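# Coordinates in review
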Amino acid sequence: MNEQSDIVQIIGSLMKKPSLLSQTDKYSLSISDFPTRFFRYIFDAIQGLYSSGVAQVQPIDVENYLSVNNSAISHYNDNNGREFLNDAIELSDERNFDYYYNRLKKFTLLRAYDNCGIDVSDIYDADNILDTKKK
């Protein structure tokens, strides 16, 4: 597993059950938990849609939400956003959300340490988390 696989699980679970975002005593997700602009746009859309009352998010909902921001929708389309979201929905199981949430938060912490200049290269490589030759 790598960070992107964890993100697929998180995004897919949130699309199926955005009410997970309301469980703030258990989960604290933010834009900074997602390493790329693509994932950040999608998370922001899911969060905004849920805040507006959407009970289950579909790819068309995300597209409509992002369409008011030319940069966001362009980035979404350039990265095959609809295909990504369809795959995330299909591959995710919201019953495993706790597991993937905890992994995502670990990656967030490691990225924060790395960004602050703390050497975490022996356990985290932002470019290739599974490259065993670098371990």
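Residues numbered from 1 in each chain as written. Predicted model: local features only at pLDDT ≥ 70, side-chain atom pairs only at ≥ 80, totals over all residues. Heavy atoms only, no water.

Glancing now at the nonpolar core. Counting 32 residues, the largest nonpolar core has Ile10, Ile11, Leu14, Leu29 and Val62 as the members making the most contacts within it. Contributions of two or more residues to this core are made by helix H1 (3-16), helix H2 (37-51), helix H3 (59-66), helix H4 (70-78), helix H5 (81-91) and helix H6 (97-115). Element by element, the count of residues in this core is highest for H2, at 8 residues. Contacts of leucine 29, omitting those with residues within four sequence positions, involve Ile10, Leu14, Leu21, Phe43, Gln47, Phe97, Tyr101 and Leu104. (Core = buried A, V, L, I, M, F, W, Y, C linked by side-chain atoms within 4.5 Å. Buried < 20%, exposed > 50% of the residue type's maximum accessible area, 1.4 Å probe, protein only. Helix = DSSP H or I, 4+ residues; strand = E, 2+ residues; numbered from the N terminus. Contact = heavy atoms within 4.5 Å.)

Turning our attention to the environment of alanine 88. Looking at where alanine 88 falls in the secondary structure, it is placed in helix H5. Each C-alpha atom of the pair alanine 88 and leucine 14 lies 9.7 Å from the other, and the pair is 74 residues apart in sequence. For alanine 88, the residues in contact, after removing those within four places along its chain, are Val8, Ile11 and Gly12.

When the charged atoms of two side chains with opposite charge come close together, those side chains can pair. Here the structure, examined in full by the defined rule, presents 6 salt bridges. Close ionic contact of lysine 16 with glutamate 94 constitutes a salt bridge, the shortest N to O distance being 3.8 Å. Linking lysine 16 in helix H1 with glutamate 94 in the loop between H5 and H6, this pair joins segments that are 78 residues apart in sequence. Its relative accessible area of 22% is what places lysine 16 among the partly exposed residues. (Salt bridge = Lys/Arg side-chain N within 4 Å of Asp/Glu carboxyl O.)

Of note, asparagine 80 is a non-glycine position whose phi angle comes to about 55°, a positive value. Relative accessible area serves as the criterion here: at 48%, asparagine 80 is assigned to the partly exposed category.

Let us now look at the side chain of serine 92. Secondary-structure assignment places serine 92 in the loop between H5 and H6. Polar contacts involving the side chain of serine 92 include one to the main-chain carbonyl oxygen of glycine 12, which spans 3.5 Å. A polar atom in the side chain of serine 92 sits 3.4 Å from the backbone nitrogen of serine 13. With residues up to four places along the chain from it excluded, the contact list for serine 92 reads Val8, Gln9, Gly12, Ser13 and Lys16. (Polar contact = N/O pair within 3.5 Å; in protein donor to acceptor, adjacent residues only side chain to side chain.)

Bringing the environment of serine 92 into the picture now. You can call serine 92 buried: its relative accessible area is 6%. From its side chain, serine 92 meets the backbone oxygen of alanine 88 in a polar contact 2.8 Å long.

Taken over all residues, the pLDDT of the protein has a mean of 89, while the share at 70 or more is 89%. Confidence over residues 129-135 falls short of pLDDT 50; this stretch has 8 contacts with residues more than four positions distant or in other chains. (pLDDT = per-residue confidence, 0-100.)

Next up on the list: the packing of aromatic side chains. The description of two aromatic rings rests on the distance between their centres and on the angle between their planes. Using the criterion set out here, one finds 8 aromatic pairs in the structure. Consider the rings of tyrosine 27 and phenylalanine 97, whose centres lie 4.8 Å apart with planes at 90°: the pair is edge-to-face. Here phenylalanine 97 lies in helix H6 and tyrosine 27 lies in the loop between H1 and H2, a separation of 70 residues in the sequence. Each ring, one from phenylalanine 34 and one from phenylalanine 43, has its centre 4.8 Å from the other, and the planes form 25°; the classification is stacked. Comparing phenylalanine 34 with phenylalanine 43, the two get one shared label, buried. Clustering of aromatic rings is evident, with ring pairs tying together Tyr27, Phe97 and Tyr101. (Phe/Tyr/Trp six-rings, centres within 6.5 Å; stacked < 30°, edge-to-face > 60°.)

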